[in-house]
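# Notes for the structure review
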Amino acid sequence: MKVSLREIHKVFSDGTHALRGVSLDIFPGEVLALLGENGAGKTTLMKILSGIYRPTSGEIYVDGKRVKPKNARDALKLGIAMVHQHLSLIPGLTALENVAVLEGASLSQVSTELRRRVEKIAEELGFEIEWDRDVEELPLGMRQRVEIVKALYWGAQLLILDEPTTVLTPHEVKSLFQVIKRLKEQGWSVVYITHKIPEVMEIADRVVVLRRGLKSAEFSPPYDAKRLVEAMVGEVKTEAVEKLGKPGERPVLEVKDLWVYDGDRAVVQGVDLVVREREILAIVGVEGNGQEHLVETIVGVRKRSRGMIKIYGGYAYIPDDRQKKALVLEMSLVENAIIGKENEFAKRGLISWQRAERFTAKLIEEFGIVAPGPWSSVRQLSGGNQQKLVVGRELSRGAKLIVAHQPTRGLDVATTEYVQTLLMKTRNAGAGVLLVTSDLDEAYKLADTIAVMYRGKIVAYGPVEEMGIELVGKKMAGL
Ligand SMILES: Nc1ncnc2c1ncn2[C@@H]1O[C@H](COP(=O)(O)OP(=O)(O)O)[C@@H](O)[C@H]1O
Ligand SMILES: [Mg+2]
């Protein structure tokens, strides 16, 4: 089956022009990577192909015939299925029932025939799936496999995977890649959406790069990583900063036998850790293993249940969700810039807004924040510029401890580099950084020390040189 998209435009009702005339072919039996930064339009384009969004203009052809899928079922009838980034199985149903039920249809009886065919598909792909358990009880990797089997069961010939590795452990990523190769051998086409270059280099037969709603380039192997990045982000200016010197001796954070409960569930279980001067300790793990509770207890947003936390020399905090936890979106840059440092700008209880404005202007300048002005509302800034404001505000506290929770999540490549560079510079200048991340590349790039968190516990801990990716991957999966 050959699929062609022609001159696709998409303008959302809020005026966002997400796609500006993208044309693309997908051939039978190929793995096509759709590469691009956050916001490039990848998901939108594939949601149009799979019937979830309507294009504003443009055409879709399957084997030369014009088609207009109106919903996901329509697209599936044409042989097109999409596995979404945030999986879309129905909680409360078993895995098998989820395969049986199609969007917009009522649940029919799960027949022995269906079970037999589903199990056969799974077996051919080498999947082990607990078909009779509620999907909510299954690990994310297994849920993803259920969705793949479901698509194939209903006759998909083109499978679209939207950033499929974000929910997987390194081990699960490996087996996903094997599955993709097997699908290809058997004649299926796969569109693989990602913003990660190494994944592209490993599995794609062809790469189409989207940038700001336009197709910016197309490549076939052998790939040149630098050119892929350039096609994604335009020119690359990276000022690589080196790690200078070894970590010091003096601790800036000590945590001993820390327990945190969420209701009656122990979500942090006896955690011990130390961050020293000039040290970046990266806590890695699949999200949801207690990292959020750990971080928020250390910075005092949550109550500890038991244990000791000592912070020496003050702390700065870059939370994982800047919009909810770090900024007040309706307020101006100036008001946001002085959150937590009102005292520095106050005289006899009154804030000097002039001084606050000067401070903000300095942040805007120093951190390259693109904003209409210091008094415009933070809501008007792009995500990257919001994060620069948070990082700038926090690093300007001059604290000895920086707690950075997913500091680059959702940022474009250039801003990611920039934030990582700032963290490294802060470390080199003598601060300690507690970096909590689910991005292993980031951890290996920055960390002096790596700790793996799994189900509330630190299950491995050591200098980065001794913490190989194999070991870390295993520990992340609880092996
Ligand atoms: N439902 C929507 N309404 C308005 N804007 C949207 C919607 N979905 C996506 N966008 C915008 O369209 C652009 C492309 O988004 P998306 O296709 O999700 O990018 P990608 O998948 O490449 O990260 C972004 O600017 C995004 O904010
Ligand atoms: Mg997307």
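See above for the structure.
Helix and strand counts for the protein chain come out as 16 helices and 21 strands. Dimensions of the protein chain along its principal axes, counting C-alpha atoms only, are 75 × 45 × 45 Å. Counting across all 479 residues of the protein chain, residues that qualify as buried make up 43%. For the protein chain, the proportion of contacts with a sequence separation of at least 24, taken over those separated by at least 6, is 68%.

The environment of ligand 1 is made up of F12, D14, T16, A18, G36, N38, G39, A40, G41, K42, T43 and T44. Its residues placed into classes, the shell around ligand 1 shows 3 nonpolar, 7 polar and 2 charged.

This paragraph deals with the sheet that holds strand β19 (residues 432-437). The 6 strands lie next to each other as β15-β18-β19-β13-β20-β21, forming an open sheet whose pairing is mixed. Taken across any chain shown, the strands that pair with only one partner, and hence form the sheet edges, are β15 (315-318) and β21 (457-463). Averaged over all pairs of adjacent strands, the angle between strand axes in this sheet comes to 15 degrees, irrespective of strand direction. In the sheet, strand β13 (residues 280-284) pairs with strand β20 (residues 449-454) via 4 bridges, with the strands oriented parallel. Following the sheet pairing, I283 is matched in β20 by A451. Docked against the sheet, helix α14 (residues 413-428) engages β13, β18 (401-405) and β19, running at close to 150 degrees with respect to β19. Together, β13, β20 and β21 form the strand contacts of helix α16 (residues 469-476), whose direction differs from that of β20 by roughly 25 degrees.

Criteria and cut-off values
Residues numbered from 1 in each chain as written. Chains lettered and ligands numbered in written order. Predicted model: local features only at pLDDT ≥ 70, side-chain atom pairs only at ≥ 80, totals over all residues. Helix = DSSP H or I, 4+ residues; strand = E, 2+ residues; numbered from the N terminus. Buried ≥ 20, exposed ≤ 12 C-beta atoms within 10 Å, placed from the backbone. Contact = placed C-beta atoms within 7 Å. Near = placed C-beta within 6 Å. Nonpolar A, V, L, I, M, F, W, Y, C, P; charged D, E, K, R; others polar. Pairing = 2+ DSSP bridges. Axes fitted to C-alpha atoms, helices over the stretch in contact; angles between N-to-C directions.

None of this, on its own, says anything about what the molecule does.
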